[in-house]
Amino acid sequence: MYETTRYLAAGDHALVMEFGNEIADAINQKIRAMSLAIEQENIQGISELVPTYRSMMIHYDPLMISGENLTRQLRRLEQQLADIQLPPPRVTVIPTLYGGEYGPDLATVAGHNQLTETAVIEKHTSREYLIYMLGFTPGFPYLGGMDPAIATPRLATPRTKIKGGSVGIAGSQTGIYSIDSPGGWQLIGWTPVPLYDPEAATPILLKAGNYVKFEAITQADYEAMKPQLQNRTYTCREYPFTPGGDGHA
Amino acid sequence: MRELKIIKPGLLTTVQDAGRKGFQQYGVPVSGVMDHYAFEMANLLVGNDAAEAVLEATLLGPEIVFEADGLLAVTGGDLGAVFNGEPLPLWQAVPVTSGDKLAFKGIRSGCRCYIAISGGLQVPVIMGSRSTYTRGNLGGHQGRALKAGDNLSVGDSPLPAAALTQPAEKRQITPAYQYAKEITLRVVPGPQEDAFSTQGLETFYQQPYTVTNECDRMGYRLEGTPIAHEAGADIISDGIAMGAVQVPGHGMPIVMMADRQTTGGYTKIANVISADLPLMAQAKPGDILRFTKVTVEEAQHIWAARQQEMAAVKKALALNPREETPPAHENTPSAHENTPYRKELFRFRRGGRPYALVVEELEE
């Protein structure tokens, strides 16, 4: 993390607060605190906040607030971040069908790391992953904190179509495809829970700054969930995140 | 049922409005119109709110039959609009009635035009917007570009009937932009300007760049002299604003537009100023662009001045009901003052309507 945050213009309707040049939990915490501080301050003219790995883009209306004035107010808020009480992040449990037709590359990931498929699933489901940001496609989470023991390079030739909900590994990252899209991640499983449903009251399931935990389910579990998934009443289990917790509610 | 019937869809015709705002933090692109100026003007001309949904047509326009009465305006690029067989002037509202037909003969200038009808297009509002994001099958008409046979519902006209018979010259404007094959775009320095060498920055600001065939609603890929980086082209992903000029490792700039992804991992050398985005939006393959630098303060002043001009146009186009319909208020029975030759004798109401009895003497 930088000692002094960089304020960078991104055109005449947005600016970027850049907190560092690395992917780190501490930066993400600062972004969460800054978002909350801005929301509480209710600065007129700010239209959108877009948090990323190491920065936050702030979209604003220059007719309501000048870039200069906005920067001054943000610098002031930044000095008061120590006073911000952050609510504990939420952990969303993602039910996942591993292997077989749902995760055609599970064997590749196991082979690459000289593990059994069961051991890969255990390692993948044992951690809570920080959602650094959402992007690439609507609702796609960039997750941090995967066990290096299951890291696997991307496919040499990307697939032209990957089913939305597919859970994959790319290098030391893990993620979930939010919609059908092309991609080169090693697919180890699939979740029937939509990360993105434009017709739903909450169109996007996840939020940056919260956590994701995968939970292995069986085909029978999936069958039992189907009616609720179909009538859009299924809700993922959630619990508050505790730093250093064992990952169980 | 007020409707537009799509006979031929054209190359890429989509329903768009001011864009889907507030969801970028979830990875949902803003979308919306490429040329906000032509869009707002089209709406104001037909008496709509400036942000109503319209059609955005690209290069090759659609063929449309109207099953609705109201006003129609086409603004933006000149795609050769023809209305009931006659050339249709742009930037002007014309009355439309059921059975009228709009077609396009071929492009003359610009790249995309906006087709607005009074009442606006009534596709469902999804995540706060009617805009189409085709890559995400989101919004607009079934999340996609229009096809032959599509019918689009039109909202009730907000115009008083009298406005529909207003002379055309009262509902036309002179656009603030002209679309040329060679344009200069003003930019402010981008958030990663320091990732470029001095030579790289000189190249960008002094050399011309040509719009390639790879230009769409997501972005414009340009080609020309490669721009040299000082310290690599890749960054840890951060946000992308409309008009951001990204330069990947190959050194060729890409201008990010309405359907841009919300975040990206390439260095951004500059950002086109908001007031010049309509020019970028109307550029097409083969057009030549040059970039010139202004400060953020200058860009915001230019933007404020443009918004003031638009407010003046809006005021001029606003329909004053007192001009259109007989006065309905007792205190303003007449638009004319008393003069030595004109005297108001008394006021009365009949059948709920106010009247004034006025005696006028003719001058010799």
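The rules behind each value
For every chain, the first residue of its written sequence is number 1, and the numbers climb from 1 along that sequence. Throughout, the order in which chains and ligands are written sets their labels, letters from A for the former and numbers from 1 for the latter. It should be noted that, the model being predicted, local features are given only for residues of pLDDT at least 70 and side-chain atom pairs only at 80 or more, the latter also being counted only at that level, while totals for whole chains, interfaces and linings use all residues. The secondary structure listing takes helices from DSSP runs of H or I that are at least 4 residues long and strands from runs of E that are at least 2 residues long, numbered from the N terminus. Buried means a residue has 20 or more other C-beta atoms within 10 Å of its own C-beta, exposed means 12 or fewer, and partly exposed covers the counts in between; C-beta atoms are placed from the backbone. What counts as a contact here is a pair of residues whose C-beta atoms, placed from the backbone, lie within 7 Å. Think of a nonpolar core as buried Ala, Val, Leu, Ile, Met, Phe, Trp, Tyr and Cys residues, each tied to the set through C-beta atoms within 7 Å. A helix is expected to span 1.5 Å for every residue after the first. The arc in question is the one spanned by the directions pointing from the helix axis to the C-beta atoms. Should DSSP find at least two bridges between two strands, the strands are taken to pair.

- The name recorded for chain B in an unreviewed UniProt entry is Biotin-dependent carboxylase uncharacterized domain-containing protein, from Anoxynatronum buryatiense.

- By the naming in an unreviewed UniProt entry, chain A goes by Sensor histidine kinase inhibitor, KipI family and is assigned to Anoxynatronum buryatiense.

1. Observations concerning the overall build of chain B
Reasoning step 1: From N to C terminus, chain B includes five helices and 21 strands.
Reasoning step 2: The 364 residues of chain B split such that 45% are buried.
Reasoning step 3: By sequence separation, contacts in chain B at least 24 residues apart represent 74% of the contacts at least 6 residues apart.

2. Quick word on the interface of chain A and chain B
Reasoning step 1: If you look at the interface, chain A gives 37 residues, while chain B gives 33 residues.
Reasoning step 2: Elements with a minimum of two residues in the side of chain A that touches chain B: β1 (6-9), β2 (14-18), β3 (46-51), β4 (55-60) and β6 (128-134) of chain A.
Reasoning step 3: Looking at the side of chain A that touches chain B, the element that brings in the most residues is β3 of chain A, giving five residues.

3. Looking at the nonpolar core
Reasoning step 1: One finds A42 and Y114 of chain B to be the most contacted residues of the largest nonpolar core, which totals 106 residues.
Reasoning step 2: The greatest single-element share of this core, amounting to seven residues, is contributed by helix α1 (residues 36-45) of chain B.
Reasoning step 3: Counting 43 residues, the second largest nonpolar core, distinct from the first, contains I131, Y132, F140 and Y177 of chain A.

4. Focus: helix α4 (residues 296-317) of chain B
Reasoning step 1: Over its 22 residues, α4 of chain B extends 31 Å from the first C-alpha to the last, a length consistent with the 32 Å expected when each residue adds 1.5 Å.
Reasoning step 2: Those residues of α4 of chain B that fall on the buried side of the exposure criterion are V296, A299 and Q300 of chain B. The arc that holds the buried residues of α4 of chain B, viewed along the axis, is 90°, so those residues lie on one side. Exposed side of α4 of chain B, more than 90 degrees from the buried face: A305, Q308, E309, A312, K315 and A316 of chain B are the residues found there.
Reasoning step 3: Those residues of α4 of chain B hidden inside the fold are in contact with β1 and α2 (67-79) of chain A together with β12 (182-189) of chain B.

5. Quick word on the pairing of strand β5 (residues 90-98) of chain A
All names here are of chain A.
Reasoning step 1: Judged from the three bridges that link them, β5 and strand β14 (residues 238-240) form a sheet pairing that is antiparallel. Directly across from R90, in β14, lies its bridge partner P240.
Reasoning step 2: In the sheet, β5 pairs with strand β13 (residues 211-216) via six bridges, with the strands oriented parallel. Each residue of the ladder has a partner; that of T96, found in β13, is A216.
Reasoning step 3: In this structure, β5 lies alongside strand β12 (residues 186-190), joined through two bridges in antiparallel fashion. Each residue of the ladder has a partner; that of Y98, found in β12, is G189.

6. Observations regarding the environment of G183 of chain A
All names here are of chain A.
Reasoning step 1: With respect to the element layout, G183 can be found in strand β11 (residues 181-183).
Reasoning step 2: When the C-alpha positions of G183 and T157 are compared, they lie 8.9 Å apart, and in sequence the two are 26 residues distant.
Reasoning step 3: Look past the residues within four positions of G183 in its chain and what remains in contact with it is P158, R159, I162 and Y177.

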